[in-house]
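# What the coordinates show
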Amino acid sequence: MEPNAIQLMTENLSKNLADNDEYPAMMSLHERCVSILANLWGAQKGEKAIGSATTGSSEAIHLGGLAMKRRWQEHRKAKGLDAYKPNIIMGANAQVALEKFARYFDVEARILPVSKASNFRLDPELVKKSIDENTIGIFVILGSTYTGHYEPVEEISKILDEYEEKTGIDIPIHVDAASGGFVAPFTYAQAGGPKWNFELPRVKSINVSGHKYGLVYAGVGWIVWRDESYLPQDLIFELHYLGGTEKSYTLNFSRPGAQIIVQYYNLIHLGFNGYREIMENCLCNARLLSKSLEATGWYTCVSDIHRPVSAAAGVIAGAKHAILGGEGETSANYIAGLPVVSFRLADDFRKEFPHIKQESVSLLLRARQWIIPNYALPPHEDKTEILRVVIRESMSLDLLDRLIADLVSVTQTLIDNDEVDLSILKKQKPAGDSRPRKEAKPEDVGQGSAKVLEGRVARLAEGIHRTVC
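Each chain has its residues counted from 1, running along the sequence as written. The predicted origin of the model limits local features to residues at a pLDDT of at least 70 and limits the giving and counting of side-chain atom pairs to 80 or more, whereas totals for whole chains, interfaces and linings rest on all residues. No hydrogens and no water enter the side-chain calculation; it runs on all heavy atoms of the structure.

## Some thoughts on empty space enclosed by the protein
It is a probe the size of a water molecule, rolled over the atoms, that shows where empty space is left. Lining residues are those with an atom within 4 Å of a point, where the points come from a 1 Å grid over the protein atoms alone and group into cavities, where a 1.4 Å probe fits but cannot get out, or pockets, open sets with protein on both sides within 12 Å along at least five of seven lines. Grid points are joined across faces, edges and corners, and a volume is the space filled by probe spheres set on the points. Taken as a whole and assessed by the stated rule, the structure comprises 1 cavity of 30 Å³ or more. When its volume is computed, the largest cavity comes out at roughly 60 Å³. Forming the boundary of the largest cavity are Tyr150, Thr187, Ala189, Gln190, Leu283, Arg287, Ile305, Ser331, Tyr334, Ile335, Ala336 and Gly337. Residue composition of the lining of the largest cavity, grouped by class: 7 nonpolar, 4 polar and 1 charged. Basically, the charged four are Asp, Glu, Lys and Arg, the nonpolar ten are Ala, Val, Leu, Ile, Met, Phe, Trp, Tyr, Cys and Pro, and anything else, Gly included, counts as polar.

Here it is, written out as structure tokens:
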């Protein structure tokens, strides 16, 4: 954050967002933030958007899910139908918070497999086959944790429209825009052309993390409903014991207020053009990293933000750029997505150097103070492992140049060493791992590192870190 923002944060560390009467100005800033976000996401005339700050996107996602569940229950009971088997649909690439909602609030999670054909994101065709009368809603992600791809919100919305025409069953969408909510609205690429926000009547609620691309330090998320009618009264509590009347509809009561003040500062100080400049710069740096990696011939990118859009879309992008102005190319010339670079060792490289394991790249980079995780793609595609870099506003060209140089140097080191030498990497324990080290058997080392590395620590796909963002 900027020095002034840090000063604001420090001066307001003691503020509690729950104390409406004590800090009325802070509550006013809170309401303005909700209003700004609602309009940024296409709030419609005639509707009264409502929302709240949360401690992060996890809480916001849970609130969005709870609202969908309550509305589904109310609708079922009004028709005299049972309301005991709710389900919610999401892709296998979903961040763990979405799965937590289902488990914590007794909703069946229908987790649909992803594939290369679907860009490792929610597949609309599988959504069509999975919905039924007990589906409370669809979690659609604007920016997959794994590859940064935006999920096709408008395409899924059309499928749900067709389903309602045939069955009369209305299934809403909650957009998890934890990262994309502060990226897509500001970039020239937007979401690549299709709609994703409140411009689609099917989208009832959206969440975002202020501490990701909202540029605030950790501890703030936002949830906005397109209209107050989509927040069931059953979830709203009235409190009178703090000196006034306060309405509460969050999971947490006491929450830090400093982040809300800084979020408002960023929105007003940077403005639309300031955020656009930052997000376009992040995407530019991500494209530079992607192209540099593929230029080595050693790596191939799974993310697509560096790939030019199709000819037809390119004409649209050119027209937008001509209207909006600016010099040189913008994100509109490329496939839309988060400034995330997901990459893996190229197939030709693996054939030439079969003894080199991708996790060795991650380990050697960690020794150079880079934390670039190596983990498997979601289930059904988990035989493919990726390395991932998230480009933030703090990534300067100098730092990017150093990262590229270190990646090249580390890869060259692995090329120059034979498979027995690489077995030493198995003995390196991750930071904070206090478990006894399992030594390799001499006979395994004698047969090369393949057997040694087979016993490596389980993939991140098998543990809670599977979808850390």
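Back to the text.
## Considerations on the sheet that holds strand β6 (residues 203-209)
Consider a sheet: its strands pair through backbone hydrogen bonds, and that pairing is either parallel or antiparallel. Spatial strand order, β1-β7-β6-β5-β4-β2-β3: 7 strands in an open sheet with mixed pairing. Pairing within the sheet leaves two strands with one partner each, and these edge strands are β1 (50-54) and β3 (108-112). Strand-to-strand twist of the sheet, defined as the mean angle between neighbouring strand axes without regard to direction, takes the value 20°. One ladder, built from 5 bridges, connects strand β2 (residues 87-91) with β3; its direction is parallel. Across the sheet, the residue bridging to methionine 90 is isoleucine 111, located in β3. By definition, residues are in contact when any of their heavy atoms lie within 4.5 Å. Each axis is a line fitted through C-alpha atoms, taken for helices only over the stretch in contact, and angles between the N-to-C directions span 0 to 180 degrees. Note on conventions: DSSP H or I runs of at least 4 residues are helices, E runs of at least 2 residues are strands, and numbering of each starts at the N terminus. Packing against the sheet, helix α6 (residues 153-167) makes contact with β4 (135-141), β5 (173-176) and β6, and its axis sits at approximately 170° to β5. Note: two strands are recorded as paired if DSSP finds a minimum of 2 bridges between them.

## Notes on the pattern of salt bridges
The term salt bridge refers to a side-chain nitrogen of Lys or Arg lying within 4 Å of a carboxyl oxygen of Asp or Glu. With the rule as written, the count across this model stands at 16 salt bridges. The shortest N-O distance in the salt bridge between glutamate 294 and arginine 307 comes to 3.6 Å. Of this pair, glutamate 294 sits in helix α7 (residues 258-295) while arginine 307 sits in the loop between β10 (299-301) and α8 (311-324), and the two are 13 residues apart along the sequence. Within the structure, one salt-bridge network assembled from shared partners comprises Asp161, Glu164, Asp170 and Arg202.

## Quick word on the sheet that holds strand β12 (residues 374-376)
The antiparallel open sheet is built from 4 strands, whose spatial order is β10-β11-β13-β12. Both outer strands of the open sheet, β10 and β12, are each paired with one neighbouring strand and no more. Averaged over neighbouring strand pairs, the angle between their axes works out to 40° when direction is ignored. Bridging between β12 and strand β13 (residues 385-390) involves 3 bridges; their strand directions are antiparallel. Note that in β13 the partner of alanine 376 across the bridge is glutamate 385. The strands that helix α10 (residues 358-367) touches are β10, β11 (340-345), β12 and β13; relative to β13, the one it contacts most, it runs at about 35°.

## Section: unusual backbone geometry
Of note in the backbone geometry, phenylalanine 120 takes a positive phi value of approximately 55° without being a glycine. Tracing the chain through its elements places phenylalanine 120 in the loop between β3 and α5 (124-130). Whether a residue is buried, partly exposed or exposed follows from its accessible area with a 1.4 Å probe, protein chains only, as a fraction of its type maximum: under 20%, in between, or over 50%, in that order. Accessibility expressed as a relative area gives 8% for phenylalanine 120, which makes it buried.

## Describing the nonpolar core
Ranked by size, the top nonpolar core spans 92 residues in total, and within it Ile138 and Trp196 carry the most contacts. Sort the elements by how many residues they give to this core and α7 lands first, with 15 residues. Ignoring any residue separated from it by four or fewer positions in sequence, one finds isoleucine 138 in contact with Ile89, Leu122, Val127, Ile131, Ile156, Leu160, Ile171, Pro172, Ile173 and His174. Think of a nonpolar core as a cluster: buried Ala, Val, Leu, Ile, Met, Phe, Trp, Tyr and Cys residues, connected wherever their side-chain atoms sit within 4.5 Å.

## Describing the packing of aromatic side chains
Two aromatic rings from Phe, Tyr or Trp, using only the six-membered ring of Trp, form a pair when their centres are within 6.5 Å; if the ring planes differ by under 30 degrees the pair is stacked, by over 60 it is edge-to-face, and anything between is tilted. Counted under the stated rule, the structure contains 10 aromatic pairs. Ring plane angle 15° and centroid distance 5.7 Å describe the contact between phenylalanine 182 and tyrosine 275, whose orientation is recorded as stacked. On the criterion of sequence distance, the pair formed by phenylalanine 182 in the loop between β5 and β6 and tyrosine 275 in helix α7 is long-range, its members being 93 residues apart. The same class applies to phenylalanine 182 as to tyrosine 275, namely buried. In this structure an aromatic cluster arises from ring pairing among Phe182, Phe186, Phe272 and Tyr275. If you follow arginine 276 out to its NZ or CZ, it ends over the ring of tyrosine 188, 4.0 Å from the centre. Stacked on the ring of tyrosine 213, the Lys or Arg arginine 392 has its end atom at 5.4 Å from the ring centre. Here, a charge over a ring means that NZ of Lys or CZ of Arg falls within 6 Å of the ring centre while also lying within 35 degrees of the ring normal.

## A few points about the environment of histidine 306
Secondary-structure assignment places histidine 306 in the loop between β10 and α8. Histidine 306 gets classed as buried once you look at its relative accessible area, which sits at 5%. Counting along the chain gives 20 residues from histidine 306 to alanine 286, while the straight-line C-alpha distance between them is 7.6 Å. Setting aside residues no more than four positions away along its own chain, histidine 306 makes contact with Arg287, Ser290, Lys291, Glu294, Cys301 and Tyr334. A distance of 3.3 Å separates polar atoms of two side chains, one belonging to histidine 306 and the other to arginine 307. Any pair of N or O atoms that falls within 3.5 Å is considered a polar contact. Within protein, one atom must be able to donate a hydrogen and the other to accept it, and sequence-neighbouring residues count only if both atoms are side-chain atoms.

## Thoughts on the layout of surface pockets
Estimates place the volume of the second largest pocket at around 560 Å³. Contributing to the lining of the second largest pocket are 22 residues, with Glu31, Ile50, Gly51, Lys247 and Tyr249 lying nearest its centre.

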